[in-house]
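# Tertiary structure, described
If you want the building blocks of each chain, they are given just below.
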Amino acid sequence: TEDEIILFEREMKEFWTKLKSIYGTEQINQTLALRDSCKESIKALSEKWSKKLKEGDLMIDKIKEYSNEILQQSQHISENQEHLTEIKSNLNQEEEQKKDLTNSIQELKEELMKKKEIISSKNKAAKERVERLCKSKVLFEERLGLEIRRIHDEQLQFIFRHIDHKDPDKPYVFTLSINEQGDYEVTSCTPPLDCIAELQLKVRETNNFSAFVANIRKAFTALSYK
């Protein structure tokens, strides 16, 4: 280092001073020449090592700079990796949501198809009942003095005559439909009968429609005598 060089030069000067007092001029001149030569060598060596030190410092700075760049690149790569992981996670979530939605749609379709089948089956059963009732029309008209009409909303209107002996043409009417559960349901009755709910419940239990119509006619007949 520079401090060591200065210390070395100081010691050399002291050495030459002592040497002058001991040796002669010629010897001193030779020694001085040797000293100067040594001095030049030391100076050249010092400059060489100083240059080496500066190059070493530059090299260290470059290494630090490269290290910082590598660190920044590593951080950038890490951030990108985290971002990619997040994107992948979001894509997986969207895929799961899409799958769940597809399953829900499929379940709704299946449920809708089942409901359609049930409704279709009920409609078919209701139509078959109405058809059977219509086929029984002639029988009822001949034996019970009954007229059956098909009116709005797939309802049947039953009109009894020849009940009131004072007025044989007076109509006694009730209207019947098949509800959503597939059961018989009396929607109107003129004149009203107190027993109509009981008769409706009985026909639902026994499914004996002929007896149901006959019992209503009996109730109308009994009412005509009051």
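In this text, all values refer to a predicted model and were calculated from it rather than measured experimentally.

## Overview of the pairing of strand 3 (residues 172–178)
Across the 7 residues of strand 3, 7 count as buried, placing the element largely inside the fold. A two-sided burial pattern is seen for strand 3, the buried positions comprising Tyr172, Phe174, Leu176 and Ile178 on one face and Val173, Thr175 and Ser177 on the other. Relative to strand 3, strand 2 (residues 155–160) runs antiparallel, the two being bridged by 5 bridges. Paired with leucine 156 across the strands is leucine 176, a residue of strand 3. In the sheet, strand 3 pairs with strand 4 (residues 184–190) via 6 bridges, with the strands oriented antiparallel. Its bridge partner being in strand 4, phenylalanine 174 is matched across the sheet by cysteine 189.

## Some points on helix 5 (residues 209–224)
An ideal rise of 1.5 Å per residue puts 22 Å on 16 residues; helix 5 measures up with 23 Å between its terminal C-alpha atoms. Regarding helix 5, its N-cap is asparagine 208, as a side-chain oxygen of that residue lies 3.2 Å from the backbone nitrogen of alanine 211 further along.

## Some points on the packing of helix 4 (residues 196–206) against helix 5
Running from amino to carboxyl end, helix 4 crosses helix 5 at an angle of 170°, the nearest separation of the two axes being 9 Å. The angle between helix 4 and helix 5 falls in the class roughly antiparallel. Side by side, helix 4 and helix 5 meet where Ile196, Leu199, Gln200 and Val203 of the first sit next to Phe209, Phe212, Asn215 and Ile216 of the second. Broken down by class, the residue content of the contact of helix 4 with helix 5 amounts to 6 nonpolar, 2 polar and no charged.

## Digging into the environment of glutamine 181
Within the fold, glutamine 181 resides in the loop between strand 3 and strand 4. Considered as a pair, glutamine 181 and isoleucine 119 are 62 residues apart in the sequence and their alpha carbons are 9.8 Å apart.

## Examining the sheet that holds strand 3
The antiparallel open sheet is built from 4 strands, whose spatial order is 1-2-3-4. The sheet terminates laterally at strand 1 (146–151) and strand 4, the two strands that pair on one side only. With strand direction ignored, the average angle separating the axes of adjacent strands in the sheet is 20°. Packing against the sheet, helix 5 makes contact with strand 1, strand 2, strand 3 and strand 4, and its axis sits at approximately 150° to strand 3.

## Here's the deal with a nonpolar patch on the surface
Where nonpolar side chains cluster on the molecular surface, the patch consists of Leu84, Ile87 and Leu91 and spans about 270 Å² of accessible area. Relative to the helices and strands, isoleucine 87 is located in helix 2 (residues 25–135). Residue classification places isoleucine 87 among the partly exposed residues on the basis of a relative accessible area of 34%.

## Quick word on helix 4
By the burial criterion, the buried members of helix 4 are Ile196, Leu199, Gln200 and Val203. The arc enclosing the buried residues of helix 4, seen along the axis, measures out at 100°, which places them on a common side. The exposed residues of helix 4 that point more than 90 degrees off its buried face are Ala197, Glu198 and Glu205. Residues of helix 4 that are buried make contact with strand 4 and helix 5. The first or second residue beyond helix 4 is asparagine 207, which carries a positive phi of 60°.

Each value, and the rule that gives it
Residues numbered from 1 in each chain as written. Predicted model: local features only at pLDDT ≥ 70, side-chain atom pairs only at ≥ 80, totals over all residues. Heavy atoms only, no water. Buried < 20%, exposed > 50% of the residue type's maximum accessible area, 1.4 Å probe, protein only. Helix = DSSP H or I, 4+ residues; strand = E, 2+ residues; numbered from the N terminus. Pairing = 2+ DSSP bridges. Expected span 1.5 Å × (residues − 1). Polar contact = N/O pair within 3.5 Å; in protein donor to acceptor, adjacent residues only side chain to side chain. Axes fitted to C-alpha atoms, helices over the stretch in contact; angles between N-to-C directions. Parallel < 35°, antiparallel > 145°, perpendicular 65-115°, else oblique. Contact = heavy atoms within 4.5 Å. Nonpolar A, V, L, I, M, F, W, Y, C, P; charged D, E, K, R; others polar. Patch = residues over 30% accessible without salt bridge, like charges linked within 9 Å, V, L, I, M, F, W, Y side chains within 5 Å. Areas by Shrake-Rupley, 256 points an atom, 1.4 Å probe, with all protein chains shown as cover. Salt bridge = Lys/Arg side-chain N within 4 Å of Asp/Glu carboxyl O. Arc of directions from axis to C-beta.

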